[in-house]
Amino acid sequence: MADPRINELASRLVRYSLNLQKGEKVLIENTGLQPELVRALVREAFAVGALPLVTLKDQEVNRALYQGTSEEHMALMAKYEYDRMKDMDAYIAVRAYDNINEYADVSEDKMGIYSRVLYQPVHTNERVPNKRWVVLRYPNKSMAQLSSMSLEGFEDFYFSVCNLDYAKMSNAMTPLKELMERTDRVRIVGPKTDLRFSIKGINAIKCDGKRNIPDGEVYTAPVRDSVEGTIFYNAATNYNGISFTDVQFTFKEGKIVEATSSNTKALNDILDTDEGARYIGEFAIGFNPHILHPMLDILFDEKIAGSFHFTPGNAYTVADNGNRSSVHWDLVQIQRPEYGGGEIWFDDVLIRKDGRFVLPELEGLNPENLV
């Protein structure tokens, strides 16, 4: 018997996240072959009168494609994927990676070709700004292991997070969105961190279950050349199959002028992908009450309660500072006391201390008010 939580999740994705309507075309793209959820999504799409299309991909097959690719080959792949994406009204990506390091031995040059020639035009330039879309993981043994949990325990955690009442969370987000849009100067302080920048004049966007699942953040972008100071990211991260810890950046006039980590060479290779990779394209505050610890999966880690992320690379057009890059790397700092604490100040007013919102109008985003 199918897990009823899968059907509930499929219903939320189709009816709430995408609000699919009769006659609309939706591409369901699954990497990792999770037929239970894909079947449920297909059924739910048909139930509202939409037209589902399905693509099944495999991580090891992708690795073989990336290892052997060339500019000409990737441009051919991108042509077909772009044409299909352009024809869609909506997009659902279900990704379940058995090995987060599967692409670790694919060269930076080859992964750069994929990012620049396929991902950027198909997803960054077409799907993200022009389609209704939602991206999610699916629980498997690899994710359970990364979370130091049993598979059954992780599945319980996963569905509690993904089937959260996002409409309730959305209402609680509104005061933070409005405050961010009134704010000029931001200062963030914490262990090895003293960061200053402006967000004046840039939209703030609520992430309330209509783009990523799980969700729970409000994001904007810094004025591109305003970032000054240092930041230390205390959450481990993975980019294109390479894991990093202890990432630290120093900024001058918006640019990352010094970058160190557990793998400093690979870190700087990524930041040298293009000119925009050394500038920040997103600043976001995370507050999902069920997500407390990093698990090397950014869809979860960027929503950690009491965290923020400060993202090298491309800015989203809906909260745009003009930065363009084939890189968009959400790096996370957690400010709860067990991770060293920290403060966020807006225009010299303390808004969050040690991971908890302290302004009365923002207290609805503290964990006990969202569960």
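About the cut-offs
- Residues numbered from 1 in each chain as written.
- Predicted model: local features only at pLDDT ≥ 70, side-chain atom pairs only at ≥ 80, totals over all residues.
- Heavy atoms only, no water.
- Helix = DSSP H or I, 4+ residues; strand = E, 2+ residues; numbered from the N terminus.
- Buried < 20%, exposed > 50% of the residue type's maximum accessible area, 1.4 Å probe, protein only.
- Lys, Arg positive; Asp, Glu negative; His and termini not counted.
- Salt bridge = Lys/Arg side-chain N within 4 Å of Asp/Glu carboxyl O.
- Polar contact = N/O pair within 3.5 Å; in protein donor to acceptor, adjacent residues only side chain to side chain.
- Contact = heavy atoms within 4.5 Å.
- Axes fitted to C-alpha atoms, helices over the stretch in contact; angles between N-to-C directions.
- Parallel < 35°, antiparallel > 145°, perpendicular 65-115°, else oblique.
- Nonpolar A, V, L, I, M, F, W, Y, C, P; charged D, E, K, R; others polar.
- Pairing = 2+ DSSP bridges.

A. Representation of the side chain of Glu-217. By the secondary structure assignment, Glu-217 is in strand E9 (residues 217-220). No salt bridge is formed by the buried Glu-217. Its closest oppositely charged neighbour is Lys-303, at 4.1 Å. Only 3.4 Å separates the side chain of Glu-217 from the side chain of His-309, close enough to count as a polar contact. Apart from the residues lying within four places of it in its own chain, the contact partners of Glu-217 are Met-173, Ile-205, Lys-206, Cys-207, Glu-282, Ala-284, Ile-285, Gly-286, Phe-287, Glu-302, Lys-303 and His-309.

B. View of the packing of helix H3 (residues 59-68) against helix H5 (residues 108-130). Where H3 contacts H5, the two axes come as close as 8 Å, and the packing angle between them is 105°. Compared by their axis directions, H3 and H5 come out roughly perpendicular. Contacts from Tyr-66, Gln-67 and Gly-68 of H3 reach H5 at Lys-110, Met-111 and Tyr-114. Residues that form the contact of H3 with H5 fall into these classes: three nonpolar, two polar and one charged.

C. Seen up close, the sheet that holds strand E17 (residues 332-334). Judged by pairing direction, the sheet is antiparallel, and its five strands sit side by side in the order E7-E9-E15-E16-E17 without closing on themselves. Single-partner strands in this sheet number two, and they are strand E7 (205-207) and E17. Pairs of neighbouring strands in the sheet enclose a mean axial angle of 20°, with direction left out of account. Bridge count between E7 and E9: three bridges; the pairing is antiparallel. In the sheet register, Cys-207 faces E9, and the bridge partner there is Glu-217. Packed on one face of the sheet, helix H8 (residues 166-182) meets E7, E9 and strand E15 (280-286) and runs near 25° to E9.

D. Seen up close, the sheet that holds strand E1 (residues 25-31). Taken in spatial order, the five strands make up an open sheet running E2-E1-E3-E4-E8, and their pairing is parallel. Each edge of the open sheet carries a strand with a single partner, namely strand E2 (51-57) and strand E8 (212-213). Both strand E4 (residues 132-137) and E8 contribute to a ladder of two bridges, which runs parallel. Its bridge partner lying in E8, Val-135 is registered against Asn-212. Across the face of the sheet, helix H1 (residues 4-17) comes into contact with E4 and E8 while running at roughly 155° to E4.

E. Examining the pattern of salt bridges more closely. Applying the stated rule across the entire model yields 28 salt bridges. The salt bridge involving Glu-102 is made with Arg-63; its shortest N-O contact spans 3.9 Å. Of this pair, Glu-102 sits in the loop between strand E3 (90-95) and H5 while Arg-63 is found in helix H3, placing the two residues 39 residues apart along the sequence. Residue class for Glu-102 comes out buried when judged on its relative accessible area of 15%. Among the residues examined, Arg-63 registers a relative accessible area of 23% and is labelled partly exposed. One salt bridge in this structure joins Lys-177 and Glu-181, with 3.0 Å as the shortest N-O distance. Highlighted residues: Lys-177 and Glu-181, both in helix H8, separated by four residues, approximately one helical turn. Residue classification places Lys-177 among the partly exposed positions, given a relative accessible area of 24%. Since its relative accessible area comes to 34%, Glu-181 is described here as partly exposed. A single salt-bridge network, built from bridges that share partners, covers Glu-29, Lys-57, Glu-81 and Arg-84.

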